[in-house]
Amino acid sequence: MYNIDEIIEFFEISNGIALSDEQKVIIKAPSDSAYLINAAAGAGKTTLQIMKMISSILSGESDPETMLAITFSSQAQSDMSERYDQYVEKLKTLGVYVPVEKPTFSTFHAFFYRILRQLPQYATMSVLSSYKQYTIQLSKSITHSNDAVISKSDILERIFNIYQYLIN
């Protein structure tokens with residue numbers, strides 16, 4: 001285990017940077033407290049988040065297996081995971097021990113998909129992989145019936161029933 005000031009020094013040496021006082025406050029904050037990183041694009045929000053995660057691991061405050069970083073896109077998820085690995089490798093060159101286990105980096109969609117898959121009623125359910133497939137399936141469920149002819153009012157009723165189902 002390392003103390004937080006040592007960890008900050010490791011980050012600065014391994015990356016050739018000087019962290020600002022604001023960045024140090026975030027890295028030193030307890031992991032169970034909320035914090036907001038509000039900055040322009042390219043200002044280092046992801047870098048700071050990764051440093052916060054690593055510092056929490058190195059200080060013994062958190063286990064990497066209990067950490068989850070969620071983002072909106074697969075590209076951002078992949079970038080965060082790769083940057084985490086890069087920072088860990090830089091720390092290893094200083095002789096800093098970082099556990100092999102790493103946090104989970106995920107998109108919102110993938111995270112909720114995993115949650116649903118753990119519920120028995122959703123474990124074998126198929127998931128639509130594209131917007132076109134969704135449109136086709138939705139269209140079929142609205143316009144096709146066991147009856148040979150379906151009226152416009154029946155189609156509208158089905159649309160509203162599906163709409164109510166989706167929003168509820």
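Residues numbered from 1 in each chain as written. Predicted model: local features only at pLDDT ≥ 70, side-chain atom pairs only at ≥ 80, totals over all residues. Heavy atoms only, no water.

Colleague: Teacher, can you tell me more about the packing of helix H1 (residues 4–15) against helix H2 (residues 21–28) here?
Modeller: Relative orientation and spacing of two packed helices are given, respectively, by the angle between their axes and the distance between those axes. Where H1 contacts H2, the two axes come as close as 11 Å, and the packing angle between them is 130°. One finds that H1 runs oblique with respect to H2. Judged by the twist between their axes, the crossing of H1 over H2 is right-handed. Here Ile4, Asp5, Ile8, Phe11 and Glu12 of H1 come into contact with H2, specifically with Lys24, Ile27 and Lys28. Residue composition of the contact of H1 with H2, by class: 4 nonpolar, no polar and 4 charged. (Axes fitted to C-alpha atoms, helices over the stretch in contact; angles between N-to-C directions. Helix = DSSP H or I, 4+ residues; strand = E, 2+ residues; numbered from the N terminus. Parallel < 35°, antiparallel > 145°, perpendicular 65-115°, else oblique. Left-handed = near helix turned anticlockwise from the far one by under 90°. Contact = heavy atoms within 4.5 Å. Nonpolar A, V, L, I, M, F, W, Y, C, P; charged D, E, K, R; others polar.)

Colleague: Looking at this model, I keep getting lost on the pairing of strand E2 (residues 104–107). Mind explaining?
Modeller: Within a regular strand, the side chains alternate between the two sheet faces. Here 4 bridges tie strand E1 (residues 68–71) to E2, and the two strands are oriented parallel to one another. By the bridge assignment, Leu68 is partnered in E2 with Thr104. (Pairing = 2+ DSSP bridges.)

Colleague: I'm lost on the side chain of Asn15 in this one. Help?
Modeller: With respect to the secondary-structure elements, Asn15 resides in helix H1. Exposure remark for Asn15: the relative accessible area of 18% places this residue in the buried category. Here Phe11 takes part through its backbone oxygen, which lies 2.9 Å from a polar atom of the side chain of Asn15. Setting aside residues up to four positions removed in sequence, Asn15 forms contacts with Met51, Tyr87 and Lys90. (Buried < 20%, exposed > 50% of the residue type's maximum accessible area, 1.4 Å probe, protein only. Polar contact = N/O pair within 3.5 Å; in protein donor to acceptor, adjacent residues only side chain to side chain.)

Colleague: Mind showing me how you'd approach the packing of aromatic side chains here?
Modeller: A ring pair, where both rings are aromatic, is described by two values, the distance of the centres and the angle of the planes. In the structure shown here, the tally under the stated rule is 4 aromatic pairs. Taking the centre distance of 5.2 Å and the plane angle of 90° together, the rings of Tyr2 and Phe10 count as edge-to-face. Between Tyr84 and Phe105, the aromatic rings sit 5.7 Å apart at their centres with planes inclined by 55°, giving tilted as the arrangement. Here Tyr84 is found in helix H4 (residues 74–93), whereas its partner Phe105 is found in strand E2, with 21 residues between them in sequence. Above the ring of Tyr87, the side-chain terminus of Lys90 is found at 5.4 Å from the ring centroid. (Phe/Tyr/Trp six-rings, centres within 6.5 Å; stacked < 30°, edge-to-face > 60°. Lys NZ or Arg CZ within 6 Å of the ring centre and 35° of its normal.)

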